[in-house]
Amino acid sequence: EDQVTQSPEALRLQEGESSSLNCSYTVSGLRGLFWYRQDPGKGPEFLFTLYSAGEEKEKERLKATLTKKESFLHITAPKPEDSATYLCAVFSGGYNKLIFGAGTRLAVHP
Amino acid sequence: DTGVSQDPRHKITKRGQNVTFRCDPISEHNRLYWYRQTLGQGPEFLTYFQNEAQLEKSRLLSDRFSAERPKGSFSTLEIQRTEQGDSAMYLCASSLANAADGYTFGSGTRLTVV
């Protein structure tokens, strides 16, 4: 069964303290791995799509990387406005549905 | 285009009542998805439509749940005889038929059953 596991569940950082979030996945034939950001009370907001091992994408202080079994979301010198839940998802059963991990709740304190 | 719109944003209902939510997808997207999200969890797939055809339903979608997408435009999700366990955020998303670039989500409808 296709599965996505994220760790840690929660992460508290000081402003400027870099770290990484992990997403481990089990899927038969990866068709795409997605990172979303979700603020409280809102829907997920698209960040990145990664398609093959070795691929990397960057956006401001965020950098996503992909291996054959996991993806990392690296946050460099985070700011309080980076506080959110970060969700990882993969396609399951073709492109018919995304399955999500439980997310990592990130809190960045000044 | 203003993205995916959901209405209402919040709904409080008494146990046993019926509720209906609406989703307006991005106009050029022919796929529409419904997800449910409870506190501390990621979104869980409920069902999806390609145009007006409902092509897949999750085991989570009990007989009390029904979704429609008349004419392949907006969609509605109805929950009959609501239970406290139905309390959750209901998210709608849309995509092109080739969904390789992922989905665009709406802001969700927060349902509270009291």
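Colleague: Residues and numbers for the overall build of chain A, please.
Modeller: Regarding its fold elements, chain A presents zero helices and 11 strands. Listed by position from the N terminus, the elements making up chain A come as β-β-β-β-β-β-β-β-β-β-β. Taken over C-alpha atoms, the radius of gyration comes to 13 Å for chain A, in line with the 13 Å a tight globule of 110 residues would show. Referenced to the eigenvectors of the C-alpha coordinate spread, the extents of chain A come out at roughly 40 × 30 × 20 Å. Going through the 110 residues of chain A one by one, you find that 47% of them count as buried. Intrachain contacts of chain A at a sequence separation of at least 6 include 53% that bridge at least 24 residues. Summed over all atoms, the accessible surface of chain A reaches about 5,300 Å², with 48% contributed by carbon and sulfur. Charged side chains of chain A number 13 positive and 14 negative; the gap between the two group centres comes to 3 Å.

Colleague: Would you mind going over the state of the cysteines in detail, with residue names and values included?
Modeller: Two cysteines whose sulfur atoms are joined by a covalent bond form what is called a disulfide. Residues and elements named next belong to chain B. According to the stated counting rule, one finds two disulfides over all chains in the structure shown. For Cys 23, the disulfide goes to Cys 92, at an S-S distance of 1.9 Å. The sign of the -70 degrees torsion about the S-S bond sets the Cys 23-Cys 92 disulfide as left-handed. Here Cys 23, found in strand β3 (residues 19–24), pairs with Cys 92, found in strand β9 (residues 88–95); they are 69 residues apart in sequence, far enough to count as distant. Comparing Cys 23 with Cys 92, the two get one shared label, buried.

Colleague: Describe the packing of aromatic side chains, naming the residues involved and giving the relevant values.
Modeller: Taken as a whole and judged by the stated rule, the model has 16 aromatic pairs over all chains. Geometrically, the ring pair formed by Phe 100 of chain A and Tyr 35 of chain B is edge-to-face, given 5.8 Å between the ring centres and 85 degrees between the ring planes. Linking Phe 100 of chain A in strand β10 (residues 97–100) with Tyr 35 of chain B in strand β4 (residues 31–37), this pair reaches from one chain into another. Tyr 35 of chain B matches Phe 100 of chain A in its accessibility class, with the two residues each being buried. Ring geometry for Phe 45 of chain B versus Tyr 48 of chain B: centroids 6.5 Å apart, planes at 50 degrees, classification tilted.

Colleague: Hey, could you go over the sheet that holds strand β7 (residues 65–68) of chain B for me, with residue numbers and the actual values?
Modeller: Residues and elements named next belong to chain B. Read across the open sheet, the four strands follow the order β1-β3-β8-β7; overall the sheet is antiparallel. Strands with a single pairing partner mark the edges of an open sheet, and in this sheet they are β1 (5–7) and β7. If you compare each strand with its neighbour and ignore which way they point, the axes differ by 15 degrees on average.

Colleague: Can you explain the interface of chain B and chain A? Please cite residues and give values.
Modeller: Counting residues at the interface gives 23 residues for chain B and 19 residues for chain A. Overall, the association of chain B and chain A removes approximately 1,600 Å² of surface from exposure, summing both partners, and the carbon and sulfur fraction of that is 49%. The largest per-residue losses of area from chain B upon contact with chain A belong to Ala 100, Tyr 103 and Phe 105 of chain B, which jointly make up 27% of the total buried on that side. Put simply, chain B and chain A have one salt bridge between them. When the shortest N-O distance is used, the salt bridge between Lys 97 of chain A and Glu 56 of chain B registers 2.6 Å. Counting across the chain B and chain A interface gives seven residue pairs in polar contact (both at pLDDT 80 or more). Counting only elements with at least two residues in the side of chain B that touches chain A, the list comes to β4, β5 (44–50) and β9 of chain B. It is β4 of chain B that provides the largest number of residues to the side of chain B that touches chain A, a total of four residues.

About the criteria used
- Residues numbered from 1 in each chain as written.
- Chains lettered and ligands numbered in written order.
- Predicted model: local features only at pLDDT ≥ 70, side-chain atom pairs only at ≥ 80, totals over all residues.
- Heavy atoms only, no water.
- Helix = DSSP H or I, 4+ residues; strand = E, 2+ residues; numbered from the N terminus.
- Rg over C-alpha atoms; globule rule 2.2 N^0.38 Å.
- Buried < 20%, exposed > 50% of the residue type's maximum accessible area, 1.4 Å probe, protein only.
- Contact = heavy atoms within 4.5 Å.
- Areas by Shrake-Rupley, 256 points an atom, 1.4 Å probe, with all protein chains shown as cover.
- Lys, Arg positive; Asp, Glu negative; His and termini not counted.
- Charge placed at Lys NZ, Arg CZ, Asp CG, Glu CD.
- Disulfide = S-S within 2.5 Å.
- Phe/Tyr/Trp six-rings, centres within 6.5 Å; stacked < 30°, edge-to-face > 60°.
- Pairing = 2+ DSSP bridges.
- Axes fitted to C-alpha atoms, helices over the stretch in contact; angles between N-to-C directions.
- Buried area = accessible area lost by both parts, 1.4 Å probe.
- Salt bridge = Lys/Arg side-chain N within 4 Å of Asp/Glu carboxyl O.
- Polar contact = N/O pair within 3.5 Å; in protein donor to acceptor, adjacent residues only side chain to side chain.

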